[in-house]
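# Observations on the model geometry
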Amino acid sequence: MDFDSQEDPRGNGETRALGVMILLHGSGSNGDDFRSLVGPSLTTKLRGLGWQLLFPTAPERPYSLADGEEMHVWHDRQTLGPESPEDTAGLSASIAMVEEQIRDACAQLQVPVTNTVVGGFSMGGGLALACSALLSHRLAGVFSVGSFLARDSVAYQTEGPGQTDDIMMIHGNSDLVVDVDYGRETFEQLKKLRPSAHIRFLEHQFLDHDFSPAVRKQILEFAASITAALAGNVVGGEKQDEEQEADVSESVNTVTWELLPQTSDGRTHARFRVPIGSEAVLSKFPVNANGGQFLIVTGPSPGTVECEFVSPKPEVTAEAISSRLQARLQDPSPPGMDACCVA
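What comes next is a walk through the structure.

Criteria and thresholds
- Residues numbered from 1 in each chain as written.
- Predicted model: local features only at pLDDT ≥ 70, side-chain atom pairs only at ≥ 80, totals over all residues.
- Heavy atoms only, no water.
- Axes fitted to C-alpha atoms, helices over the stretch in contact; angles between N-to-C directions.
- Helix = DSSP H or I, 4+ residues; strand = E, 2+ residues; numbered from the N terminus.
- Parallel < 35°, antiparallel > 145°, perpendicular 65-115°, else oblique.
- Contact = heavy atoms within 4.5 Å.
- Nonpolar A, V, L, I, M, F, W, Y, C, P; charged D, E, K, R; others polar.
- Pairing = 2+ DSSP bridges.
- Buried < 20%, exposed > 50% of the residue type's maximum accessible area, 1.4 Å probe, protein only.
- Right-handed = clockwise from strand over helix to strand, strands pointing away.

### Points about the packing of helix α3 (residues 88–109) against helix α4 (residues 123–134)
Between α3 and α4, the shortest axis-to-axis distance is 10 Å and the interhelical angle comes to 75°. By the angle between their axes, α3 is roughly perpendicular relative to α4. Each of Leu-91, Ser-94, Ile-95 and Val-98 in α3 lies in contact with α4, whose residues at this interface are Leu-127, Ala-130, Cys-131 and Leu-134. Of the residues contributing to the contact of α3 with α4, the split by class is 7 nonpolar, 1 polar and no charged.

Below is the structure:
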């Protein structure tokens, strides 16, 4: 098992292993190309959080969208859209490959198979979403970038023992390869089938079918939140190093935000990731920010608070609210509401 690190995978090097992260490339690509797309900065930071990274390459198989040419793809597609019938045999084979890699990697790392995140780009992200329903065990989390599932996907029809409920979908609203509506349709179907799950759809303005600094930041924040949840686990028979725990604490002791689909009456719905245990303090008083006053409520899962508002620039407003919540973390006992506004 070749991890994306020169350190001892059992944690005898600089970073003690917390778990494994499987990162799946898009159609026609390979693991090395996807490693380059993810970038050295993000991979280094993910390893610093205790994740050992794997960038597997799909086997070559005839790909209908390339006139039957042999390509590295996780499964076949007749058309590029959710209306295309799912290649059930190809998808099942790829899921079996991912599951085997997880078991081998976790055995080598001496960590539970549930200490695994599966993420991917384009077709690889679709495979990651399918893994969230079809593996024989739960995952710590799943994320996708520019991805979707077929409308007839077996992932919609199966409720297996490994159903994973922490899922982040990222999509550019200027994606010229995989239309953002395809991703949104998948998100809405997953939310319908798993109403209690923490599934979010993060739409990026002006982003094409690609990664961006903002995408990499959200992936890092997603990994940091999972790291925090797993940080108390026993790894290799010992607690994680104090130095790593401090790094994790620093990474997650911040407020980050995401915009969810608008409400039925056109209001922006923003969710803020906050340190677990701070939800009550942060939602105790309204927030004054960006010239307005905003009611903060606790979110659907630990470590989240939410707010609904109307704004011509929702990203600016969400960032301003986030800044005030961050300030409230530093001073949890303000005189009533926040004493100042963010312009």
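### Notes on the environment of Gly-68
By the element assignment, Gly-68 lies in the loop between β3 (60–63) and β4 (69–72). For Gly-68, the contacting residues outside a window of four places in its chain are Pro-62 and Tyr-63.

### Things to note about the sheet that holds strand β6 (residues 141–145)
One open sheet holds the 6 strands; their spatial order is β2-β1-β5-β6-β7-β8, and the pairing between them is parallel. Pairing within the sheet leaves two strands with one partner each, and these edge strands are β2 (51–54) and β8 (198–204). The mean inter-strand angle of the sheet, taken between neighbouring strand axes irrespective of direction, is 15°. Summarising the sheet, strand β7 (residues 166–172) and β8 pair through 7 bridges and their orientation is parallel. Opposite Met-169, over in β8, you have Phe-201 as the bridge partner. Packing of helix α2 (residues 40–48) onto the sheet brings it into contact with β1 (19–24) and β2, and relative to β2 it is tilted by some 135°. With respect to the sheet, α4 is in contact with β1, β5 (116–121), β6 and β7, its orientation differing from that of β5 by roughly 145°.

### Here we look at the pairing of β5
Counting buried positions along β5 yields 6 of 6 residues, so the element is predominantly enclosed. Neither face of β5 is open: one carries Thr-116, Val-118 and Gly-120, the other Val-117, Gly-119 and Phe-121, and all of them are buried. The sheet contact formed by β1 and β5 spans 5 bridges and is parallel. Across the sheet, Leu-23 pairs through a bridge with Gly-119, a residue of β5. Bridge count for β5 against β6 is 5 bridges, and the pairing is parallel. In the sheet register, Val-118 faces β6, and the bridge partner there is Val-142. In this region the chain leaves β5, passes through α4 and returns to the parallel neighbour β6; the handedness of that crossover is right-handed.

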